[in-house]
Amino acid sequence: SGGETAVAALSLDPRKPLLSDSVSMFVEPEELKQAASASTAATAADQARQALVRGDVESLDAALAELTTTGANPGLAKRLAGLIALDRGAKDDGLRMLRQAAEAEQRPEFKTRAQLAYAIALASAGRPESALLEALTALGLARTMQDRAGEVACARFLAQLSKATGHAVAASVLERIAALA
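Computed from a prediction, not measured in an experiment: that's the story for all the values here.

Thresholds applied
- Residues numbered from 1 in each chain as written.
- Predicted model: local features only at pLDDT ≥ 70, side-chain atom pairs only at ≥ 80, totals over all residues.
- Heavy atoms only, no water.
- Helix = DSSP H or I, 4+ residues; strand = E, 2+ residues; numbered from the N terminus.
- Buried < 20%, exposed > 50% of the residue type's maximum accessible area, 1.4 Å probe, protein only.
- Contact = heavy atoms within 4.5 Å.
- Areas by Shrake-Rupley, 256 points an atom, 1.4 Å probe, with all protein chains shown as cover.
- Expected span 1.5 Å × (residues − 1).
- pLDDT = per-residue confidence, 0-100.
- Core = buried A, V, L, I, M, F, W, Y, C linked by side-chain atoms within 4.5 Å.

## What about the overall build of the chain?
Across its full length, the chain carries nine helices and zero strands. For the chain, the α and β elements follow one another from N to C terminus as α-α-α-α-α-α-α-α-α. Across the 181 residues in the chain, those meeting the buried criterion constitute 48%. Sequence-distant contacts, at least 24 apart, represent 55% of the contacts inside the chain between residues at least 6 apart. Accessible area for the chain stands at about 8,500 Å²; split by element, carbon and sulfur atoms hold 52% of it.

Structure below.
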């Protein structure tokens, strides 16, 4: 993880999953830094990271266009396309793209991120039960890979999901797990 913090948050507004102060995807900053070999692609990956943190869909769209043009990190590009589709109200398309990105990701170190991105999208689309199953799968992947940052991000998301669905005790336990990981 390079000593940097992973980013994970939950947005339950299905109309605007990227807006406000929330981020609707798990992205480890190192993944975005290593996303491209060319300097323009690296700039696009950095733009995407910053746009996600700010909830700036226009900048995210520009970064996606650059990643697509350069062909750098197609997995990241697929996840970004899914998030943009969700933000534009194309819930089914966005979920399909994120599911396909999670299924297609073969690199173990990125599989957790893709799986968690799909789980977060499901939650923001109002499908908490499916989100729970996908997030638990992501947590299992993170633990298998001994990916502490991924484990923390998954536990935090699961805590937020539990809290949002009225399960305060489970949320408390998951917050404790995230703190100990």
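## With respect to helix α5 (residues 91–104)
Since the α-helix advances by 3.6 residues per turn, residues separated by three or four positions end up pointing in the same direction. Taking 1.5 Å as the rise per residue, α5 with 14 residues should run 20 Å; its terminal C-alpha atoms sit 20 Å apart, in good agreement. Against the buried residues of α5 lie α4 (74–87) and α6 (108–124).

## Quick look at the confidence of the model for the chain
When pLDDT is averaged across the chain, the result is 80; 77% of the residues are at 70 or more. Summarising per-element confidence for the chain, the mean pLDDT is lowest in helix α1 (residues 29–33) (54) and highest in helix α7 (residues 128–144) (95). Low pLDDT, under 50, characterises residues 8–12; the predicted model gives this stretch 23 contacts beyond four residues in sequence or across chains. Low pLDDT, under 50, characterises residues 17–24; the predicted model gives this stretch 32 contacts beyond four residues in sequence or across chains.

## Overview of the nonpolar core
Among the nonpolar cores identified, the biggest contains 39 residues, and Leu 60, Leu 67, Leu 80, Leu 95, Leu 98, Leu 116 and Phe 157 are the most heavily contacted of them. Of all the secondary structure elements, the ones that give two or more residues to this core are α2 (39–54), α3 (57–70), α4, α5, α6, α7 and α8 (148–164). It is α6 that contributes the most residues to this core, nine residues altogether.

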